[in-house]
Amino acid sequence: MPHFLVHYTYSPSTADGRDRVRAEHRDWLREQIAQDRVVTAGPYPDDSGATIVARGSDEADVRDLFADDPFVRDELVDAIAIQAWKPVLGALA
């Protein structure tokens with residue numbers, strides 16, 4: 001299944017909401033990892049966003065998957081960019 005980079009952009013105005021929903025968001029991510037839909041995920045140190053490496057059949061499939069993320073569902077992500085990615089070296093190649 002192809003890989004995709006999912007970039008979340010956050011703003012300070014959603015920080016309290018993300019703190020409130022973070023456990024549910026991480027549980028959702030763990031479920032996607034168990035289903036082999038997410039490979040890895042993590043926030044940027046400055047809290048401006050996050051990158052998630054996901055798997056899906058195409059961009060629309062990945063976008064549909066992430067619509068169920070509690071952060072997205074609760075409108076705590078200011079922008080989402082999804083980019084197809086083709087690893088050629090390393091653990092994911």
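Basis of the calculations
Residues numbered from 1 in each chain as written. Predicted model: local features only at pLDDT ≥ 70, side-chain atom pairs only at ≥ 80, totals over all residues. Heavy atoms only, no water. UniProt positions renumbered as here; feature names shortened; annotations may be inferred. Pairing = 2+ DSSP bridges. Helix = DSSP H or I, 4+ residues; strand = E, 2+ residues; numbered from the N terminus. Axes fitted to C-alpha atoms, helices over the stretch in contact; angles between N-to-C directions. Contact = heavy atoms within 4.5 Å. Phe/Tyr/Trp six-rings, centres within 6.5 Å; stacked < 30°, edge-to-face > 60°. Lys NZ or Arg CZ within 6 Å of the ring centre and 35° of its normal.

Under an unreviewed UniProt entry, the name given to the protein is YCII-related domain-containing protein, and the source organism is Rhodococcoides corynebacterioides. Annotation of the protein in UniProt includes, under Sequence similarities (unreviewed entry), the sentence "Belongs to the YciI family."

Draft legend 1. Region of interest: the sheet that holds strand S4 (residues 79-85). One open sheet holds the four strands; their spatial order is S2-S3-S1-S4, and the pairing between them is antiparallel. Of all strands in the sheet, those bounded by a partner on one side alone are strand S2 (38-43) and S4. Strand-to-strand, the axes of this sheet are offset by a mean angle of 15°, without reference to chain direction. Where helix H1 (residues 15-34) meets the sheet, its contacts fall on strand S1 (3-9), S2 and strand S3 (49-55), and the angle it forms with S2 comes to roughly 155°. Contacts between helix H2 (residues 59-66) and the sheet are confined to S1, S2, S3 and S4, with S1 contributing the most and set at about 45° to the helix.

Draft legend 2. Molecular detail of the packing of aromatic side chains. Applying the stated criterion across every chain, the model contains four aromatic pairs. Ring geometry for Tyr8 and Phe66: centres 6.2 Å apart, planes at 90°, overall edge-to-face. In this pair, Tyr8 is assigned in strand S1 and Phe66 in helix H2, connecting sequence segments 58 residues apart. Cluster of aromatic residues (ring-pair linked, three or more members): Tyr8, Tyr10, Trp28, Phe66 and Phe71. One cation-aromatic arrangement involves Arg18 over Tyr10; the distance from NZ or CZ to the ring centre is 4.2 Å.

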